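# Secondary and tertiary structure notes
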Amino acid sequence: MRRAGDFYRQALALATELGMRPLQAHCHRGLGTLYSQTGQAEQARAELSTAIEMYREMEMTFWLPETEKALAELEGQ
């Protein structure tokens, strides 16, 4: 799992450098899911919230409900 986090962070850094906002949002979502699976709830909330904000800003409605659901499930724990 640690390597997966490293890869997500590398992808996020590259996406940020290249201005690829959709990929940035996906990376935040992936990190949030990973943190959730590894019991790091606070980090998961932060990453999922960032992804939700970015999806809303870009009107990426396909990914928004699933990400909101993941955050709600995390909040319910």
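If you're wondering where the values come from, they're calculated on a predicted model, not measured in any experiment. (Residues numbered from 1 in each chain as written. Predicted model: local features only at pLDDT ≥ 70, side-chain atom pairs only at ≥ 80, totals over all residues. Heavy atoms only, no water.)

Now for the pattern of salt bridges. Proximity of charged atoms lets side chains of opposite charge pair with each other. Evaluation of the coordinates by the stated rule reveals five salt bridges. In this structure, the salt-bridge partner of R21 is E57, at a minimum N-O distance of 2.6 Å. Residue R21 is found in helix α2 (residues 21-37), and its partner E57 is found in helix α3 (residues 41-57); the two are separated by 36 residues along the sequence. R56 is paired through a salt bridge with E68; the nearest N and O atoms lie 2.6 Å apart. Separated by 12 residues along the polypeptide, R56 in helix α3 and E68 in helix α4 (residues 64-75) bring together distant segments of the chain. Residue classification places E68 among the partly exposed positions, given a relative accessible area of 29%. (Salt bridge = Lys/Arg side-chain N within 4 Å of Asp/Glu carboxyl O. Helix = DSSP H or I, 4+ residues; strand = E, 2+ residues; numbered from the N terminus. Buried < 20%, exposed > 50% of the residue type's maximum accessible area, 1.4 Å probe, protein only.)

With that settled, the discussion passes to the environment of R29. Looking at the secondary structure, you find R29 in helix α2. Residue R29 is classed as buried on the basis of its relative accessible area of 17%. Excluding residues that lie within four positions of it along the chain, R29 makes contacts with L48, A51, Y55, W63, E66 and T67. (Contact = heavy atoms within 4.5 Å.)

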